[in-house]
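Coordinate analysis (summary)
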Amino acid sequence: MTNHVSQDYYYPNKMGRIVLQATEEILGRNGINAVLNLAKLIPLINNYPPNNLDLGFSFSKLGSLQSSLENVYGSRGGRGLALRSGRACFKYGLREFGTMLGITDITFRLLPLNTKLKVGASIFADTFNKYTDQRVRLEEEEKRFLWHIDRCPVCWDRHSDEPVCHLAVGILEEALFWVSGGKHFNVEEVLCIAKGDLTCTIVIDKQPIE
Ligand SMILES: [Zn+2]
């Protein structure tokens with residue numbers, strides 16, 4: 001498998017649409033238009049991808065959108081907005097994918113918390129692996145899960161001294177909140193391809209924050 005510079009990978013249109021809708025919910029219409037404009041993604045302004053599973057939304061678009069967020073709002077401001085957009089993404093995503101994945105079934109909801117986290121995380125990882133070019137591996141330790149993204153759209157073509165995949169962190173935070181019926185967990189990106197690591201790795205504590 002080569003990772004040639006000119007090669008691009010894709011999310012299905014539906015997921016690109018979800019990211020844009022969620023970001024718009026957080027930034028407002030003018031905010032997202034400014035971000036898309038600066039990201040040189042002008043064709044997407046008021047023209048989001050169609051709601052289908054065709055692989056039409058490139059990783060480079062998602063990476064540009066995220067870096068433009070920091071250019072418009074500053075790195076601190078952009079980071080907070082990316083986290084909130086990620087949380088909103090999960091909400092939209094659940095509406096689109098939830099029934100299909102079985103995670104809205106009563107049988108899933110009644111599982112013990114730890115099992116639910118494990119089953120939920122692995123279904124979630126499978127969803128990315130099956131429907132997108134993003135590659136996710138789940139690793140389990142005694143006290144935490146490691147969410148390894150081997151091919152990551154969020155920091156695609158980005159370079160930074162700090163981890164930058166805040167959108168992915170926000171999505172996981174909201175997924176955990178939903179799966180646990182309202183608990184908060186410590187979620188932190190410890191490795192990031194944008195800073196030269198081999199993976200983007202997000203650590204999730206199994207124990208919720210008291
Ligand atoms: Zn990343």
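Structural notes, computed from the coordinates.

Definitions and cut-offs
Residues numbered from 1 in each chain as written. Predicted model: local features only at pLDDT ≥ 70, side-chain atom pairs only at ≥ 80, totals over all residues. Heavy atoms only, no water. Helix = DSSP H or I, 4+ residues; strand = E, 2+ residues; numbered from the N terminus. Rg over C-alpha atoms; globule rule 2.2 N^0.38 Å. Buried < 20%, exposed > 50% of the residue type's maximum accessible area, 1.4 Å probe, protein only. Contact = heavy atoms within 4.5 Å. Lys, Arg positive; Asp, Glu negative; His and termini not counted. Charge placed at Lys NZ, Arg CZ, Asp CG, Glu CD. 1 Å grid on protein atoms, 1.4 Å probe; cavity = no way out; pocket = protein on both sides within 12 Å on 5 of 7 lines; lining within 4 Å. Points joined across faces, edges and corners; volume = space filled by probe spheres on them. Core = buried A, V, L, I, M, F, W, Y, C linked by side-chain atoms within 4.5 Å.

Some details on the overall build of the protein
- The helix and strand inventory of the protein stands at five helices and six strands.
- Across the protein, helices and strands are ordered from the amino to the carboxyl terminus as β-α-β-α-α-α-β-β-α-β-β.
- Here the protein has a C-alpha radius of gyration of 16 Å; the compact-globule value for 210 residues is 17 Å, and the two agree.
- With the principal axes as the frame, the protein shows a C-alpha extent of 45 × 35 × 35 Å.
- Taking all 210 residues of the protein together, 50% fall into the buried category.
- In the protein, of all internal contacts separated by at least 6 residues, the share reaching a separation of at least 24 is 68%.
- Computed over 24 positive and 24 negative side-chain charges, the inter-centroid distance for the protein is 5 Å.

Thoughts on the layout of surface pockets
- Of the pockets and cavities examined, the second largest pocket occupies roughly 280 Å³.
- What lines the second largest pocket is a set of 15 residues, and nearest its centre among them are Arg79, Glu162, Pro163, Val164 and His166.
- Those elements that place two or more of their residues in the lining of the second largest pocket are helix H2 (59–101), helix H5 (166–179) and strand E5 (187–191).
- At five residues, the largest contribution of residues to the lining of the second largest pocket is made by H2.

Section: the nonpolar core
- Core analysis: the biggest nonpolar cluster contains 63 residues, and Trp147 and Cys165 have the highest contact counts within it.
- It is H2 that contributes the most residues to this core, 13 residues altogether.
- Excluding residues that lie within four positions of it along the chain, Cys165 makes contacts with Cys152, Val154, Cys155, Glu189, Cys192 and Cys200.

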